[in-house]
Amino acid sequence: MQVKLRPVPEAELRARPQAEPAVQVCLAETDWETLAPGEEVPPVDFGRELLCIVHRGECPTGGYRVKVAGARRAGGHLLLETVLQDPKPGDFVTMAVTYPRSAVALARCEAGPPGAKLLVQALAAGGKAIAMTELTLPLR
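Enquirer: So what about the state of the cysteines? Which residues, and what values?
Expert: Scanning the model with the defined rule gives zero disulfides in all. In this structure Cys52 is not part of a disulfide, and its nearest cysteine sulfur, from Cys26, lies 8.8 Å away. Lacking any disulfide linkage, Cys109 is separated from the closest cysteine sulfur, that of Cys52, by 13 Å.

Enquirer: Lay out the sheet that holds strand β4 (residues 65-74) with the relevant residues and their values.
Expert: Strand pairs in the sheet, formed through backbone hydrogen bonds, run parallel or antiparallel to each other. What the four strands build is an open sheet, ordered β4-β5-β7-β8; its pairing is mixed. The sheet terminates laterally at β4 and β8 (129-136), the two strands that pair on one side only. Neighbour to neighbour, the strand axes of the sheet diverge by 20° on average, direction disregarded. Sheet topology places strand β5 (residues 77-85) next to strand β7 (residues 117-123); five bridges connect them, and they run parallel. Paired with Leu78 across the strands is Val120, a residue of β7.

Enquirer: Can you explain the nonpolar core? Please cite residues and give values.
Expert: In terms of nonpolar packing, the biggest core is built from 21 residues, with Val23, Val25, Leu50, Cys52, Leu78, Leu80 and Val120 touching the most fellow members. For Leu78, the contacting residues outside a window of four places in its chain are Val3, Cys52, Ala71, Arg72, Arg73, Leu106, Leu118, Leu119, Val120 and Gln121. Ranked by size, the runner-up nonpolar core spans 13 residues in total, among them Leu13, Cys26, Val44 and Ala103.

What counts, and at which threshold
- Residues numbered from 1 in each chain as written.
- Predicted model: local features only at pLDDT ≥ 70, side-chain atom pairs only at ≥ 80, totals over all residues.
- Heavy atoms only, no water.
- Disulfide = S-S within 2.5 Å.
- Pairing = 2+ DSSP bridges.
- Helix = DSSP H or I, 4+ residues; strand = E, 2+ residues; numbered from the N terminus.
- Axes fitted to C-alpha atoms, helices over the stretch in contact; angles between N-to-C directions.
- Core = buried A, V, L, I, M, F, W, Y, C linked by side-chain atoms within 4.5 Å.
- Buried < 20%, exposed > 50% of the residue type's maximum accessible area, 1.4 Å probe, protein only.
- Contact = heavy atoms within 4.5 Å.

And the structure:
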């Protein structure tokens, strides 16, 4: 089943960089405060939405990207379809370590029923898992 997503702009996202590929899910504002202490909460209505962040991990230069292009539910799994982009030879890139990430908000009701266990996976082309996390949806 396809899941409707709402992109969260990178400028609104100030979570800590992740050195390894990861998926983080914020179910409440307190989850965000744990990920990004002291940072402004992104424009997500945590009463009705949850926030999924896909981190590509540490990259040696600029020009690397990750984008959540779609999502679907399959049983107790939420599959985030991601697109990875690498710089092409000869591209002008920032000569600094970067930490690409992409974030989307989705309606809680689309994630699954309250109290359900949910495995959230970020998948690249061909269905290769980039990262995953498991959580239990709140009862409210």
